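One letter stands for each residue in the lines below.
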Amino acid sequence: MKSDGFDQFKGSSDYVTSEPLRNAVNVAIALGRPLLIRGEPGTGKTLLAHSISSGLGKKLIVWNIKSTTKAQEGLYVYDTVQRLNDSRFGDRDVSDIKQYIKLGKLGQAFASLEQVVLLIDEVDKADIEFPNDLLNELDEMSFHIPETNETITAIHRPISVITSNAEKELPDAFLRRCIFHYIEFPDPELMEEIVQVHFPNIKNSLLREALKTFYSLREIDEFRKKPSTSELIDWIRALIVGGIPHENISKEIPFVGTLLKKETDYDYFVNSHMTRIGSTFITRRQ
Amino acid sequence: MFTDFFYTLRKRKVPVSTTEWMTLMEALTKGCITNLDEFYFLARAILVKSEAYYDHYDVAFKEYFKGVETPAEISEQILEWIRDPINRMILTEKEQILFDSMDFDELLEELEKRLKEQTEQHDRGGYWIGRGGTSPFGHSGYYPAGIRIGGESRGRHAIQIAQERRFRNYRNDLTLDVRQIKIALKSLRRLSRIGSEDELDLKKTIDAIAKNAGEIELMWQRSRKNAVKVLLLMDVGGSMEPFALLCNQLFSAAHSSTHFKDLRYYYFHNCIYDDLYQDIERQEAVSTDHLLSTIESDYKLILVGDARMAPSELMERYGAINYYERNETPGIVWLNQIAEHFTHYVWLNPYDPRFWIHPTVQVIGKIFPMFPLTLDGLEQAVKSLIVKK
């Protein structure tokens, strides 16, 4: 019998999760720690937060990180230029600093009257020091605004999901405070479920053939960019629209251009593998 | 609770700290665990912070919870053969059915079992692993359900443990892909203010406004951009052939890294002599002299090569392996000149450092700081390229 708090998140209808991932989410919720998600592009890191939000019926606040984002912006922004402007033209009472303090995404999540899901998307895009600047705030779930001498404390600890593409190393001190999960590339069974979410009426024979071929392609290490879930979905759509009989899929691999996006990969594949299999390869690029 | 597990993890080089251990204890006291499977995932989520350590974690977990296991070693080549789906397609139909009747793990288990039983090399048998036999495993064997091991070899050395360790490929010390190299190269940067003035200089703006008695005047400054320029010199052909893929990946990572101010690259064969080449076929040459006299010395120099050659190729006039190259100056002199010209330089060697005892590798290693072409080595190399001198 599990104690409460550890089985809150069960996934949502439009997002298929693996059990380890569900566990990680629930541990993060129960312990009130940020959940750090990493994984190959196209494995649904960002969608996870949306799924938690809809699965638990909580509001989602998204903070998209860019290379120029500063940690401070997530807390609050003091609009000094506006205040300076007002001081010249006398539109507003400039002695009331409060009206020039605008809460950032993190600040909004703290100030929210009900618990929210906070998504800090692609945290590694920002400067290397960025995560460290947020350590204290994520730990204490509060921050101080010196300008107004106010302290914003989280009314409810937000469920924080942080995604990273591993473009930069994250600092150790930051990592120590997170729950970590690496989303593996889905195995064929999970992938079958995922495809069925997108194409509920897909024929089993087609699905199986397509997946078999897809996973064979993914095992070729020489590709610069291996096909991922989104490419598979596009390819299957093409197969359905093109009315390709399932028995031809693994032999001909039609529309291989939807799976292999790089010219070098495409050439490599056609030259080395199609000849090795020795079948008649018909180029059917759109 | 499980304190030894903590030390087992640390012994297996999982960088786990007391903070994380206390978090795990907190989770355990909240009573969320009903079985070992859940413990596995819970502990991993809390203690391990990078997929690069998932494999270390697996090893430690096995060691702690099952006692020490020392599986028979199955060479990477075999694994690769089994995993490569293309090989499955070239089997006959009959073979395919038999092949499919065992799943991958069963095949490996069986293979491992037999490797353990077998203690000597074996040819032409019906059960043992060897060559030309009818056992399911072996080289050039014809047992229908068997795995024909070998044939076209693509992997090099690297004996690895065959076990259900799925995250082995994520280990930092084993594999490199373009993306990982790009990440490593990302830290090769030095920010300086260049380009057009497009950033508000707050301090100057305030000063200016104060001087103007409150009249707003905006002051701009140049934004910080990466000023690092890179010169990549790569050894191609000959003994570098086995590493072509790796070098190719390094090159494409460097080439697609947009954050360098400039990237220039040239190729050479074995050692650098009078000329460097602009293409891999070594057709378009540029003289090394000309390059050195035109390139600024603040380019970060990355040399890639195995540094293995006959001593004469390095030390002697006319030593170049290509007879027509007729180098007037010995390679070693060129290398020294290059090292003198640049302030920051590294040599990346794709060979395992255990094989660096070769004489010319030693000599070149004294001129250029040498690092292995692995993710860890690359990271160290990048670090040494950005230290201030």
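Residues numbered from 1 in each chain as written. Chains lettered and ligands numbered in written order. Predicted model: local features only at pLDDT ≥ 70, side-chain atom pairs only at ≥ 80, totals over all residues. Heavy atoms only, no water.

**Q** Would you mind showing me how to read the overall build of chain A here?
**A** A tally of regular secondary structure across chain A gives 14 helices and 9 strands. Scored against the burial criterion, the 286 residues of chain A give a buried share of 49%. For chain A, the proportion of contacts with a sequence separation of at least 24, taken over those separated by at least 6, is 71%. When the accessible surface of chain A is split by element, carbon and sulfur atoms take 48% of a total near 13500 Å². (Helix = DSSP H or I, 4+ residues; strand = E, 2+ residues; numbered from the N terminus. Buried < 20%, exposed > 50% of the residue type's maximum accessible area, 1.4 Å probe, protein only. Contact = heavy atoms within 4.5 Å. Areas by Shrake-Rupley, 256 points an atom, 1.4 Å probe, with all protein chains shown as cover.)

**Q** Is there a simple way to think about the overall build of chain B in this case?
**A** Along its length, chain B carries 16 helices and 14 strands. With 389 residues in all, chain B has 46% of them scored as buried. Per element, the accessible surface of chain B, about 20200 Å² overall, is 52% carbon and sulfur.

**Q** Quick question: what am I supposed to make of the side chain of B:Lys229 here?
**A** Residues and elements named next belong to chain B. Position of Lys229 among the secondary structure elements: in strand 8 (residues 229–235). The exposure class of Lys229 is buried, given its relative accessible area of 11%. In terms of polar contacts, Lys229 uses its side chain to reach the side chain of Asp298, at 3.2 Å. Not counting residues within four places of it along the chain, the set of residues in contact with Lys229 comprises Lys261, Asp262, Glu296, Asp298, Tyr299 and Lys300. (Polar contact = N/O pair within 3.5 Å; in protein donor to acceptor, adjacent residues only side chain to side chain.)

**Q** How do you make sense of the pattern of salt bridges when you look at a structure like this?
**A** Here the idea is simple: oppositely charged side chains can pair when their charged atoms come close. Residue and element names in this part refer to chain B. The tally for this structure, following the rule as stated, stands at 13 salt bridges over all chains. Its salt-bridge partner being Lys229, residue Glu296 comes within 3.7 Å of it at the nearest N-O pair. Here Glu296 is found in the loop between helix 12 (288–294) and strand 12 (300–304), whereas its partner Lys229 is found in strand 8, with 67 residues between them in sequence. For Lys229, the salt bridge identified is with Asp298, shortest N-O distance 3.2 Å. One end of the pair, Lys229, is in strand 8; the other, Asp298, is in the loop between helix 12 and strand 12, with 69 residues separating them in the sequence. Taken together, the shared-partner salt bridges connect Lys229, Glu296 and Asp298 into one network. (Salt bridge = Lys/Arg side-chain N within 4 Å of Asp/Glu carboxyl O.)

**Q** How should the packing of helix 2 (residues 18–29) of chain B against helix 3 (residues 36–47) of chain B be read in this particular structure?
**A** A pair of packed helices can be characterised by two numbers: the angle between their axes and the separation between those axes. All names here are of chain B. For the pair helix 2 and helix 3, the least separation of the axes is 9 Å and the interaxial angle reads 145°. Our pair here, helix 2 against helix 3, has a crossing hand that is right-handed. Contact residues: Glu20, Trp21, Thr23, Leu24, Ala27 and Leu28 in helix 2; Phe39, Leu42, Ala43, Ile46 and Leu47 in helix 3. (Axes fitted to C-alpha atoms, helices over the stretch in contact; angles between N-to-C directions. Left-handed = near helix turned anticlockwise from the far one by under 90°.)

**Q** Would you explain the packing of helix 9 (residues 188–198) of chain A against helix 11 (residues 229–242) of chain A in this entry?
**A** Residues and elements named next belong to chain A. Two elements in contact, helix 9 and helix 11, have axes whose closest approach is 11 Å; the angle formed by their N-to-C orientations is 55°. In terms of axis orientation, helix 9 runs oblique to helix 11. In this structure, helix 9 meets helix 11 at a crossing whose hand is right-handed. Across from Met191, Ile194, Val195 and His198 in helix 9, the residues of helix 11 making contact are Thr229, Leu232, Ile233 and Ile236. When its residues are assigned to classes, the contact of helix 9 with helix 11 shows 6 nonpolar, 2 polar and no charged. (Parallel < 35°, antiparallel > 145°, perpendicular 65-115°, else oblique. Nonpolar A, V, L, I, M, F, W, Y, C, P; charged D, E, K, R; others polar.)

**Q** Could you clarify how one ought to interpret helix 2 (residues 45–56) of chain A in this entry?
**A** An α-helical turn contains 3.6 residues, so a residue and the one three or four places further along point in the same direction. All names here are of chain A. The end-to-end C-alpha distance of helix 2 is 17 Å, a good match for the 16 Å that 12 residues give at a rise of 1.5 Å each. Taken as a whole, helix 2 has its buried residues at Lys45, Leu48, Ala49, Ser51, Ile52 and Ser53. Looking at the packing, one finds that the buried side of helix 2 touches helix 1 (19–31), strand 1 (35–39), strand 2 (59–64), strand 5 (116–121), strand 8 (159–164) and strand 9 (179–183). (Expected span 1.5 Å × (residues − 1).)

**Q** Whenever I open this one, the nonpolar core confuses me. Can you help?
**A** Note on soluble globular proteins: their nonpolar side chains tend to be buried together. With 75 residues, the main nonpolar core has A:Leu48, B:Leu24, B:Ile46 and B:Leu47 as its most contacted residues. Setting aside chain neighbours within four positions, we find A:Leu48 in contact with A:Phe9, A:Tyr15, A:Leu21, A:Val25, A:Leu35, A:Ile37 and A:Val161. In this structure, B:Leu232, B:Val304, B:Trp356 and B:Phe371 belong to the second largest nonpolar core, which totals 65 residues. (Core = buried A, V, L, I, M, F, W, Y, C linked by side-chain atoms within 4.5 Å.)

**Q** I'm lost on the pairing of strand 5 of chain A in this one. Help?
**A** Along any regular strand the residues' side chains alternate between the sheet's two faces. Residues and elements named next belong to chain A. The buried fraction of strand 5 amounts to 6 of the 6 residues, a majority that puts the element mostly inside the structure. Going residue by residue along strand 5, you find Val116, Leu118 and Ile120 tucked away on one face and Val117, Leu119 and Asp121 tucked away on the opposite face as well. Where strand 2 lies against strand 5, 6 bridges are found, and the strand directions are parallel. Across the sheet, residue Leu60 finds its bridge partner in strand 5, namely Val117. (Pairing = 2+ DSSP bridges.)

**Q** Explain the confidence of the model for chain B here, please?
**A** Detail in the predicted coordinates should be disregarded across regions flagged by low pLDDT. All names here are of chain B. Averaged over chain B, the pLDDT score is 72; the fraction of residues at 70 or greater is 65%. Contacts of residues 67–76 to residues separated by more than four positions or lying in other chains number 27 contacts, the stretch itself having pLDDT below 50. Counted against residues more than four places away or in other chains, residues 119–163, with its pLDDT under 50, gives 106 contacts. As scored by the predictor, the complex reaches a pTM of 0.58 and an ipTM of 0.74. (pLDDT = per-residue confidence, 0-100.)

**Q** Even after reading the chapter, I still don't get the packing of aromatic side chains, so can you show me in this structure?
**A** The relation between two aromatic rings is expressed through the spacing of the ring centres and the mutual angle of the planes. All names here are of chain B. Inspection of every chain in the model, using the stated rule, returns 23 aromatic pairs over all chains. A ring pair is formed by Tyr40 and Phe41, whose centres lie 5.0 Å apart and whose planes are at 80°; its orientation type is edge-to-face. For Tyr40, a relative accessible area of 17% puts it in the buried group. By the ring-pair criterion, three or more aromatic residues cluster together here, those being Phe5, Phe6, Tyr7, Trp21, Phe39, Tyr40, Phe41, Tyr57 and Phe61. (Phe/Tyr/Trp six-rings, centres within 6.5 Å; stacked < 30°, edge-to-face > 60°.)

**Q** In this structure, what is going on with the confidence of the model for chain A? I would like to understand it.
**A** Overall, the prediction assigns chain A a mean pLDDT of 82, with 91% of residues at 70 or greater. Between residues 276–286 of chain A, whose pLDDT stays under 50, and residues either more than four places distant or in other chains, the model counts 24 contacts.

**Q** For this particular structure, what's the right way to read the sheet that holds strand 8 of chain A?
**A** Hydrogen bonding along the main chain pairs the strands of a sheet, whether they run parallel or antiparallel. All names here are of chain A. Within the open sheet, the 5 strands sit side by side as 2-5-8-1-9. Their pairing is parallel. The sheet is open, and its two edges are formed by strand 2 and strand 9, each paired on a single side. On average, adjacent strands in this sheet sit at an angle of 20° to one another, irrespective of strand direction. Note that strand 1 and strand 8 share 4 bridges and pair parallel. Each bridged residue has a counterpart across the sheet, and for Arg38 the counterpart in strand 8 is Ser164.

**Q** Mind showing me how you'd approach helix 16 (residues 375–386) of chain B here?
**A** Residue and element names in this part refer to chain B. The end-to-end C-alpha distance of helix 16 is 17 Å, a good match for the 16 Å that 12 residues give at a rise of 1.5 Å each. Every buried residue of helix 16 is accounted for by Leu375, Gly377, Leu378, Ala381, Val382 and Leu385. Down the axis of helix 16, the sector holding all buried residues measures 155°, keeping them to one side. (Arc of directions from axis to C-beta.)

**Q** Before we go on, may I ask you to explain a nonpolar patch on the surface in this structure?
**A** All names here are of chain B. On the surface, Leu200, Leu202, Ile206, Leu218 and Trp220 cluster together into a nonpolar patch covering about 470 Å² of accessible area. Here Leu200 lies in strand 6 (residues 191–200). Residue class for Leu200 comes out partly exposed when judged on its relative accessible area of 32%. (Patch = residues over 30% accessible without salt bridge, like charges linked within 9 Å, V, L, I, M, F, W, Y side chains within 5 Å.)

**Q** Is there a simple way to explain unusual backbone geometry in this structure?
**A** For residues besides glycine, phi is generally negative; the peptide bonds are generally trans as well. Even without being a glycine, A:Phe255 presents a positive backbone phi close to 55°. Note on placement: A:Phe255 falls in the loop between helix 12 (249–252) and helix 13 (256–259). Accessibility expressed as a relative area gives 13% for A:Phe255, which makes it buried. Although it is not a glycine, B:Ala307 adopts a positive phi angle of roughly 60°. Take B:Ala307: it is sitting in the loop between strand 12 and helix 13 (311–315).

**Q** Can you walk me through the environment of B:Ile206 in this structure?
**A** Mapped onto the secondary structure, B:Ile206 falls in helix 10 (residues 202–211). For B:Ile206, a relative accessible area of 52% puts it in the exposed group.

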